[in-house]
Amino acid sequence: MDLSTQDSFRSVIDLRLAEIEVELNTAGDSTEPIAPDVSVGRLSRFDSMQMQQMALAGKRRLEEQRARLHEARRRIDSGTFGRCLRCGNDIAVERLQHQPDATTCMPCLNALTANKRRWNAPRSTSRTRTLTINAPGIAAGLSGAPVASIRNGNAGGVRASR
């Protein structure tokens, strides 16, 4: 991406940073702790606490986005804005117009998302194996009776212990 295109995103980033600052300054009241001496009903207090936690989560998201935008502005200054951090190819201008703090191109993002989905997918039950232990001493140990233990790493040297 050429320097003039990179520099054109500076105003977009600065505008979004100003919006975030306004949002963070106005969100101050809703993130304040709820005083225990305030007379509200039990359900109202739970509702207030839930609203406070939601406001805090929103504030954290805004702070994270602000940090990413500052990093994007730093990349503009260094001339690396618009380049994928994973493969080094240019990020599509349309993607940067929608999300100026993007650090990966769409093919790399799709690959990362597919890999994440693969690792977070529920495991198939057909792959699971069940280990069955046929040892009366161990089963007896669950009921409080003496448990069999292995001595010297030799399964043949089993003795009852309490």
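For the structure, see preceding data.
Below is a summary of the structure that appears in this document. (Residues numbered from 1 in each chain as written. Predicted model: local features only at pLDDT ≥ 70, side-chain atom pairs only at ≥ 80, totals over all residues. Heavy atoms only, no water.)

Quick word on the overall build of the protein
Across its full length, the protein carries five helices and two strands. Each helix and strand of the protein, placed in order from N terminus to C terminus, yields the pattern α-α-α-α-α-β-β. Across the 162 residues of the protein, 19% fall into the buried class. At a minimum sequence separation of 6, the contacts of the protein that also span at least 24 residues come to 50%. As displayed, the protein has an accessible area near 12100 Å², and 54% of this comes from carbon and sulfur atoms. (Helix = DSSP H or I, 4+ residues; strand = E, 2+ residues; numbered from the N terminus. Buried < 20%, exposed > 50% of the residue type's maximum accessible area, 1.4 Å probe, protein only. Contact = heavy atoms within 4.5 Å. Areas by Shrake-Rupley, 256 points an atom, 1.4 Å probe, with all protein chains shown as cover.)

A look at the pattern of salt bridges
For the structure shown, the criterion picks out eight salt bridges. The partner of Arg 10 in a salt bridge is Asp 7, with the nearest N and O atoms 3.0 Å apart. With Arg 10 and Asp 7 both in helix H1 (residues 3–26) and three residues apart, the pair spans about one turn of that helix. Using a relative accessible area of 25% as the deciding quantity, one classes Arg 10 as partly exposed. (Salt bridge = Lys/Arg side-chain N within 4 Å of Asp/Glu carboxyl O.)

Comments concerning the nonpolar core
Counting residues in each nonpolar core, the largest one holds 16 residues, and the members touching the most others are Ile 13, Phe 81 and Leu 96. Those elements that provide at least two residues to this core are H1 and helix H2 (42–78). In terms of residue count, H1 provides more of this core than any other element does, five residues in total. Other than its neighbours up to four places away in sequence, Phe 81 contacts Met 1, Gln 6, Phe 9, Ile 13, Ala 72, Arg 75, Ile 76, Leu 96 and Pro 100. (Core = buried A, V, L, I, M, F, W, Y, C linked by side-chain atoms within 4.5 Å.)

Details of the packing of aromatic side chains
Counted by the stated rule, this structure contains one aromatic pair. Taking the centre distance of 5.3 Å and the plane angle of 50 degrees together, the rings of Phe 9 and Phe 81 count as tilted. A residue pair is termed long-range when its members are at least 10 positions apart, and Phe 9 in helix H1 and Phe 81 in the loop between H2 and helix H3 (93–98) qualify at 72 residues. The pair Phe 9 / Phe 81 is uniform in exposure class, with both members buried. (Phe/Tyr/Trp six-rings, centres within 6.5 Å; stacked < 30°, edge-to-face > 60°.)

Details of the environment of Ile 76
Mapped onto the fold, Ile 76 is located in helix H2. The buried category is assigned to Ile 76, whose relative accessible area is 7%. Remark: the alpha-carbon pair of Ile 76 and Leu 3, spanning 73 residues in sequence, is separated by 8.2 Å.

Re H1
The end-to-end C-alpha distance of H1, which contains 24 residues, comes to 35 Å, matching closely the 34 Å that a straight helix rising 1.5 Å per residue would cover. Along H1, the residues that are buried comprise Gln 6, Phe 9, Ile 13, Leu 17, Ile 20 and Leu 24. (Expected span 1.5 Å × (residues − 1).)

Describing the state of the cysteines
The bond known as a disulfide is covalent and runs between the sulfur atoms of two cysteines. Counting across every chain of the model gives zero disulfides. Looking at the unpaired Cys 84, the closest cysteine sulfur is the one in Cys 87, lying at 3.7 Å. Classification of Cys 84 as buried rests on a relative accessible area of 4%. Cys 108 provides the cysteine sulfur closest to Cys 105, a residue in no disulfide bond, and the two sulfurs are 3.6 Å apart. The exposure class assigned to Cys 105 is buried, which follows from its relative accessible area of 6%. (Disulfide = S-S within 2.5 Å.)

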